[in-house]
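Observations on the three-dimensional arrangement
Spelled out from the first residue to the last, the chains are:
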Amino acid sequence: MLTSIRERLEAMNKAIQVGAEEGRILQLLIALHGAKKIVEIGTLAGYSTIWMARALPDDGHIYTINRDASHFAMAQSFFAQSECAGKITQLEGDAHDILPKLSPNAPYDLIFIDADKISYPDYLDWAEQNIRKGGLIIADNSLLGGIAAMDAPPPKFAPTTWQNIRNFNNRLADRSKYNAIIIPTIQGLSVAIKVF
Ligand code: SAH
Ligand code: MG
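Residues numbered from 1 in each chain as written. Chains lettered and ligands numbered in written order. Predicted model: local features only at pLDDT ≥ 70, side-chain atom pairs only at ≥ 80, totals over all residues. Heavy atoms only, no water.

Right, let's talk about the site of ligand 1 for a bit. The immediate surroundings of ligand 1 are formed by 21 residues, with Val18, Gly42, Ser48, Ala95 and Asp114 found nearest. The contact in question runs from an oxygen atom of ligand 1 to an N or O atom on the backbone of leucine 44, over 3.0 Å. Residue aspartate 116 places a side-chain N or O atom 3.2 Å away from a nitrogen atom belonging to ligand 1. Protein contacts shield 94% of the accessible area of ligand 1, which totals 580 Å² for the unbound molecule. Contributing elements (two or more residues each) for the shell around ligand 1: α3 (47–55) and β2 (61–66). Tallied by class, the residues present in the shell around ligand 1 amount to eight nonpolar, seven polar and six charged. (Near = heavy atom within 4 Å. Polar contact = N/O pair within 3.5 Å; in protein donor to acceptor, adjacent residues only side chain to side chain. Areas by Shrake-Rupley, 256 points an atom, 1.4 Å probe, with all protein chains shown as cover. Helix = DSSP H or I, 4+ residues; strand = E, 2+ residues; numbered from the N terminus. Nonpolar A, V, L, I, M, F, W, Y, C, P; charged D, E, K, R; others polar.)

Structure representation (structure tokens):
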């Protein structure tokens with residue numbers, strides 16, 4: 001299943017899913033943390049979703065948000081073919097609209113942020129309110145492949161995206177609120193425990 005998804009995305013020239021190593025890191029973190037209720041922002045074809053769903057216990061569930069209608073349909077068909085369809089609910093729409101609808105079901109144990117980078121501070125606002133104390137916030141692409149570490153955004157790179165990711169990283173670096181690291185994958189994988 002995971003290989004089929006990867007091959008489909010490669011054929012579409014849209015292979016921007018996490019790597020298999022990151023999939024394993026997500027699985028290990030879920031197991032170590034005992035996470036049961038997960039929100040994922042940014043489904044694409046469901047590659048990372050299936051990695052995570054497979055690490056969940058029988059009573060675990062992942063809600064995953066997808067804005068692009070064609071991505072939504074593709075992911076939905078992969079989920080239906082997988083053995084973990086019962087653990088996955090995919091929600092179609094912009095995360096800014098969908099997240100408030102998930103709030104009544106809070107608190108969550110883990111939120112995985114992997115959608116539009118410019119909105120990471122908005123997603124952190126939601127996560128701060130809707131995961132439990134001790135909950136995990138994980139964010140892919142937090143180094144922007146190295147660009148986030150530069151003193152200024154390179155020419156042609158959207159300055160607001162660079163600024164917002166830097167704000168996001170600075171917020172997670174606040175030791176009074178988070179116990180966090182950016183795992184230095186090529187894209188950067190932030191892992192933070194909310195301690196307040
Ligand atoms: N997590 C996936 C990759 C996600 S790629 C994996 O590793 O397998 C980013 C996805 O986020 C795309 O499917 C895109 O449609 C979605 N996306 C981008 N902006 C969004 C938004 N504002 N709300 C919801 N989904 C969004
Ligand atoms: Mg990503």
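From this point, the discussion proceeds with the structure in view.
Attention now goes to the coordination of the magnesium ion (ligand 2). Protein coordination at the magnesium ion (ligand 2): the donors are Asp114 (OD), Asp140 (OD) and Asn141 (OD1), at 2.0 to 2.2 Å from the metal. Motif for the magnesium ion (ligand 2), donor spacing along one chain: D-x25-D-N. Residue aspartate 114 is found in the loop between β4 (108–113) and α6 (120–130), and its partner asparagine 141 is found in the loop between β5 (131–140) and α7 (159–172); the two are separated by 27 residues along the sequence. You'll find aspartate 114 and asparagine 141 in the same group, each marked buried. (Donors = N, O, S within 2.8 Å, 3.2 Å for Na, K, Ca; no water. Buried < 20%, exposed > 50% of the residue type's maximum accessible area, 1.4 Å probe, protein only.)

The mixed open sheet is built from seven strands, whose spatial order is β3-β2-β1-β4-β5-β7-β6. The sheet terminates laterally at β3 (88–92) and β6 (178–183), the two strands that pair on one side only. When the angles between neighbouring strand axes are averaged without regard to direction, this sheet yields 15°. For β2 and β3, the ladder comprises five bridges, and the chain directions are parallel. Residue pairing in the sheet places asparagine 66 in a bridge with glutamate 92 of β3. (Pairing = 2+ DSSP bridges. Axes fitted to C-alpha atoms, helices over the stretch in contact; angles between N-to-C directions.)

A word on the environment of lysine 156. Tracing the backbone shows lysine 156 in the loop between β5 and α7. In this structure the C-alpha to C-alpha distance between lysine 156 and glutamate 22, which are 134 residues apart in sequence, comes to 28 Å.

A separate point is the packing of aromatic side chains. If you walk through the whole model with that rule in mind, you get five aromatic pairs. Judged by centre distance (6.1 Å) and plane angle (80°), the rings of tyrosine 63 and tyrosine 108 are edge-to-face. Taken together, the residues span a long stretch of sequence, with tyrosine 63 in strand β2 and tyrosine 108 in strand β4 at a distance of 45 residues. A centroid spacing of 5.3 Å and a plane angle of 65° characterise the contact between tyrosine 120 and phenylalanine 168, whose relative ring orientation is edge-to-face. Taken together, the residues tyrosine 120 in helix α6 and phenylalanine 168 in helix α7 connect sequence positions 48 residues apart. For tyrosine 120, a relative accessible area of 0% gives the class buried. Ring-pair connections join several aromatic residues into one group, and the members of that group are Tyr63, Tyr108 and Trp126. Positioned above the aromatic ring of tyrosine 108 is the side chain of lysine 37, whose terminal nitrogen or guanidinium carbon lies 5.1 Å from the ring centre. (Phe/Tyr/Trp six-rings, centres within 6.5 Å; stacked < 30°, edge-to-face > 60°. Lys NZ or Arg CZ within 6 Å of the ring centre and 35° of its normal.)

Let us now look at unusual backbone geometry. Alanine 106 connects to proline 107 through a cis peptide bond whose omega is 5°. In this fold, proline 107 is placed in the loop between α5 (95–102) and β4.

Before going further, it helps to examine α5. For α5, the set of buried residues is Ala95, Ile98, Leu99 and Leu102. Buried residues of α5, viewed axially, fall in a sector of 105°; they line one side. Counted as exposed and oriented over 90 degrees from the buried face of α5: Asp97 and Lys101. Looking at the buried residues of α5, the elements they touch are β1 (37–41), β2, β3, β4 and α6. (Arc of directions from axis to C-beta. Contact = heavy atoms within 4.5 Å.)

Right, let's get into the pattern of salt bridges. Inspection of every chain in the model, using the stated rule, returns eight salt bridges. Ionic pairing is found between aspartate 94 and arginine 67, a salt bridge with its closest N-O pair at 3.7 Å. Placement of the pair is aspartate 94 in the loop between β3 and α5 and arginine 67 in the loop between β2 and α4 (69–81), with a sequence separation of 27 residues. Through salt bridges that share partners, Asp125, Glu128 and Arg171 make up one connected network. (Salt bridge = Lys/Arg side-chain N within 4 Å of Asp/Glu carboxyl O.)

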